[in-house]
Amino acid sequence: MNIDALLRNALLISLGLWLLYMLVGGLTTRVGGAWRDGERLINLRQFGPLVSGDALRDGGWERYSGTAVWGRLRLRRSDGGLQHLQSLGFAAEVAPLLENQVMASFDLRLRNGKLNGTFQGRVIRSERRPARIVSIHSTAPKERLWVRA
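Rules of the game
- Residues numbered from 1 in each chain as written.
- Predicted model: local features only at pLDDT ≥ 70, side-chain atom pairs only at ≥ 80, totals over all residues.
- Heavy atoms only, no water.
- Helix = DSSP H or I, 4+ residues; strand = E, 2+ residues; numbered from the N terminus.
- Rg over C-alpha atoms; globule rule 2.2 N^0.38 Å.
- Contact = heavy atoms within 4.5 Å.
- Areas by Shrake-Rupley, 256 points an atom, 1.4 Å probe, with all protein chains shown as cover.
- Buried < 20%, exposed > 50% of the residue type's maximum accessible area, 1.4 Å probe, protein only.
- Pairing = 2+ DSSP bridges.
- Salt bridge = Lys/Arg side-chain N within 4 Å of Asp/Glu carboxyl O.

Asks: Looking at this model, I keep getting lost on the overall build of the protein. Mind explaining?
Replies: Along its length, the protein carries three helices and nine strands. Sequence-ordered secondary structure for the protein, helices as α and strands as β, is α-β-β-β-β-β-α-α-β-β-β-β. Since a compact globule built from 149 residues should have a radius of gyration of about 15 Å, the 19 Å found for the protein marks it as more spread out than a globular shape. Taken along its principal axes, the extent of the C-alpha atoms in the protein is 65 × 40 × 25 Å. Taking all contacts inside the protein whose residues are at least 6 apart in sequence as the whole, residues at least 24 apart take part in 45%. Approximately 9,300 Å² of the protein is accessible, and the part contributed by carbon and sulfur atoms is 56%.

Asks: So what exactly am I meant to see when it comes to unusual backbone geometry here?
Replies: Across residues other than glycine, the phi torsion is negative in most instances, and most of the peptide bonds are trans. Residue proline 130 follows arginine 129 across a cis peptide bond; omega there is -10 degrees. Phi at asparagine 100 takes a positive value of approximately 65 degrees, unusual for a residue other than glycine. Examined against the element boundaries, asparagine 100 turns out to sit in the loop between helix H3 (95–98) and strand S6 (101–111). At asparagine 112, a position not held by glycine, the phi torsion is positive, near 55 degrees. Along the chain, the position of asparagine 112 falls in the loop between S6 and strand S7 (114–127). Classification of asparagine 112 by relative accessible area gives exposed; the value is 81%.

Asks: Sorry, what's going on with the pairing of strand S3 (residues 50–57) here?
Replies: Every regular strand shows the same layout, with side chains that alternate between the two sheet faces. The sheet contact formed by strand S2 (residues 40–47) and S3 spans five bridges and is antiparallel. By the bridge assignment, glutamine 46 is partnered in S3 with valine 51. Once S2 ends, the chain turns through two residues before running back antiparallel as S3, passing glycine 48 with a positive phi of about 60 degrees. Note that S3 and strand S4 (residues 60–69) share eight bridges and pair antiparallel.

Asks: In this structure, what is going on with the pattern of salt bridges? I would like to understand it.
Replies: Opposite charge on two side chains allows them to pair when their charged atoms are near. For the structure on display, the rule yields ten salt bridges. For arginine 57, the salt bridge goes to glutamate 62, with nearest N and O atoms at 3.5 Å. One salt bridge in this structure joins glutamate 62 and arginine 77, with 3.9 Å as the shortest N-O distance. In this pair, glutamate 62 is assigned in strand S4 and arginine 77 in strand S5 (residues 72–80), connecting sequence segments 15 residues apart. When sorted by exposure, glutamate 62 lands in the same class as arginine 77, which is buried. Because the salt bridges share partners, they merge into one network encompassing Arg40, Arg57, Glu62, Arg77 and Asp79.

Set out below in structure tokens:
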């Protein structure tokens, strides 16, 4: 057996083990269903370790995507809808630039049927004319608690 075949086999075995690790980790972390984060009602769907979800907001929506593995849920949230983005403080000229862009991330742990962890939002500076994004900065992590609805 030459070195190329050995490396190829090692890579394939490593990839297979990683996929098995992710699949089993996703099956042990069940987060699908309705969750409440303050006033938000978030509906999550899960397929193995892959998680997606949504929350309706006045004049728009929030979409969630991420992974749930071994008790840890990592999500990214993107927002959309002109009215919803304007309610977040963005001008009508800038809102289309932010539609479906990642606005926040969550790092949560499943413990005793609750999701507890941190939320990290984004501060976006923009200009109206011409409509453009000037800068994007992350906020400091804030504690979050999600409970089953």
